[in-house]
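Here is what each chain is made of, one letter per residue.
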Amino acid sequence: MSAPLPGPQVPASAVRTPVVASRTCSVCLKNPLQGEQTACSPACRRERSRQRVAERQQLRDAEVLALLEHAERLEGRAAELRGQARRRLAAPLGLPEAKR
Ligand SMILES: [Zn+2]
């Protein structure tokens, strides 16, 4: 065995590691992250998980609020339709219109 065979041609962009060292903790925005870390310390990890819970809670609250508003609109529309139906049903009976 003399000269080593050239390895497969891999484009340089594929070799580059996707995440390079200079990342900063997204919680405290101060400490650098090591390797696969997503938070610099247990405290930051706890804080981040607390934030996520709060975020989810906010999303749920917003969803419930939107549903309540929708339900209120439907109730309003239902009342309107009931009123219309009542007037329509009352009209052929010759009930006084002037009572309005
Ligand atoms: Zn941190």
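Coordinates for the structure precede this section.
Note that the structure is predicted; figures quoted are calculated from it, not measured. Once a new chain begins, its residue numbering starts again from 1 and follows that chain's sequence as written. Local features in a predicted model are, by the rule used here, given only for residues with pLDDT of at least 70; side-chain atom pairs are given and counted only at 80 or more, and totals for whole chains, interfaces and linings are based on all residues.

(A) Fine view of the overall build of the protein. Under the scheme used here, helices are H or I runs from DSSP no shorter than 4 residues and strands are E runs no shorter than 2 residues, and both carry numbers assigned from the N terminus. Across its full length, the protein holds two helices and zero strands. For the exposure call, what matters is how many other C-beta atoms sit within 10 Å of a residue's own: 20 or more marks it buried, 12 or fewer exposed, and in between partly exposed, using C-beta atoms placed from the backbone. Within the span of the protein, comprising 100 residues, buried residues form 3% of the whole.

(B) Quick look at unusual backbone geometry. A positive phi angle is found at Leu29, which is not glycine, with a value near 55 degrees. Following the sequence through the fold, Leu29 ends up in the loop between α1 (12-15) and α2 (42-90).

(C) Representation of α2 within the structure. Take the residue count of a helix, subtract one, and multiply by 1.5 Å to get its expected span. Spanning 49 residues, α2 covers 71 Å between terminal C-alpha atoms, matching the ideal 72 Å at 1.5 Å per step. With one of 49 residues buried, α2 lies mostly on the surface of the structure.

(D) Region of interest: the environment of Ala43. Here Ala43 shows up in helix α2. Distance from Ala43 to Cys28, taken between C-alpha atoms, is 9.6 Å for residues 15 residues apart in sequence.

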